[in-house]
Amino acid sequence: MRSLRERNRHNAMRTTQRAALDLFEATAFEEVTVADIAETVGMAASTIYRHFETKEAIVLWDEHDADLDAAFVDAFGRHPPLDAMRSVFVDELGPRYDDDLAFQLRRVQYVYRTEAVHLAAGEASYQETLELTDALRLVLSPENRHAAPILAGAAMAALDAAFDRWQQADGASPLGQLIDEAFDVLTGLEQLR
């Protein structure tokens, strides 16, 4: 359960993200400043920078990311690594994106079509892959730890492929289903010709 302060911070970040996306779509990403966003939401630019390190981070922020860490710890304790990652991505991301479909679809489509934000998303994905690799090294046996970066990279590639399919199809299929299908490809790679 989040404290009142955490909930207020979270709500301010959500308000900022939604207002910023409106501004970015109305003008152009490069033309909107953090000061413009701050004026729109009625807070100081310095407050926005405390919440988000960069303008790109405003779009990339996923309000559910913090919940994933605990889900990974739990899933790694109950499932083999690839099944654990699949379970967390399907169970945690799928329903959350479907519950706020219109906004999340707008946000993800904006990421894919805006070069500066897409590049920042690639860097963020790389950092998440490194973190996932570290987590996998903790749960894999010593003789299998060399596989951690391969498993993490494959899982993140499957996740990106699912998000790309989802946003290209305008959210026609549930995100969780597309993530599940992407992981099916991973588990069936040895049968591909």
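Everything in this summary refers to the structure shown in the same document. (Residues numbered from 1 in each chain as written. Predicted model: local features only at pLDDT ≥ 70, side-chain atom pairs only at ≥ 80, totals over all residues. Heavy atoms only, no water.)

**Observations concerning helix α2 (residues 34-41)**
Here is step 1: Within α2, the full set of buried residues consists of V34, I37, A38 and V41. Take α2 and look down its axis: the buried residues cluster within an arc of 100 degrees, on one side only.
Here is step 2: Lining the buried residues of α2 we find α1 (4-26), α3 (45-51) and α4 (55-60).
Here is step 3: After α2 finishes, the residue G42 shows a positive phi value of roughly 75 degrees. (Buried < 20%, exposed > 50% of the residue type's maximum accessible area, 1.4 Å probe, protein only. Helix = DSSP H or I, 4+ residues; strand = E, 2+ residues; numbered from the N terminus. Arc of directions from axis to C-beta. Contact = heavy atoms within 4.5 Å.)

**Regarding the nonpolar core**
Here is step 1: Ranked by internal contacts, the top residues of the largest apolar core, which has 33 residues, are M85, F89, F163 and I179.
Here is step 2: Ranked by residues supplied to this core, first place goes to helix α9 (residues 148-168) with nine residues.
Here is step 3: When residues no more than four places from it in sequence are discounted, the contact partners of I179 are F89, V90, L93, L159 and A162.
Here is step 4: Counting residues in hydrophobic clusters, the runner-up holds 21 residues, among them L21, V59, F103 and A121. (Core = buried A, V, L, I, M, F, W, Y, C linked by side-chain atoms within 4.5 Å.)

**What about the side chain of T133?**
Here is step 1: Locating T133 in the fold gives a position in helix α8 (residues 115-139).
Here is step 2: Among residues more than four places away in sequence, those in contact with T133 are A148, P149 and A152.

**What to know about the packing of helix α6 (residues 81-99) against helix α10 (residues 175-187)**
Here is step 1: The N-to-C vectors of α6 and α10 enclose an angle of 160 degrees; their axes lie 7 Å apart at closest approach. The orientation of α6 with respect to α10, classified from their angle, is roughly antiparallel. In this structure, α6 meets α10 at a crossing whose hand is right-handed. Residues L82, M85, R86, F89, V90, L93, G94, Y97 and D98 of α6 lie in contact with α10, whose contacting residues are L175, G176, I179, D180, F183, D184, L186 and T187.
Here is step 2: Each residue belonging to the contact of α6 with α10 can be placed in one class, and the counts come to 10 nonpolar, three polar and four charged. (Axes fitted to C-alpha atoms, helices over the stretch in contact; angles between N-to-C directions. Parallel < 35°, antiparallel > 145°, perpendicular 65-115°, else oblique. Left-handed = near helix turned anticlockwise from the far one by under 90°. Nonpolar A, V, L, I, M, F, W, Y, C, P; charged D, E, K, R; others polar.)

So, to be careful, I would describe these as geometric facts and stop short of saying anything about function.
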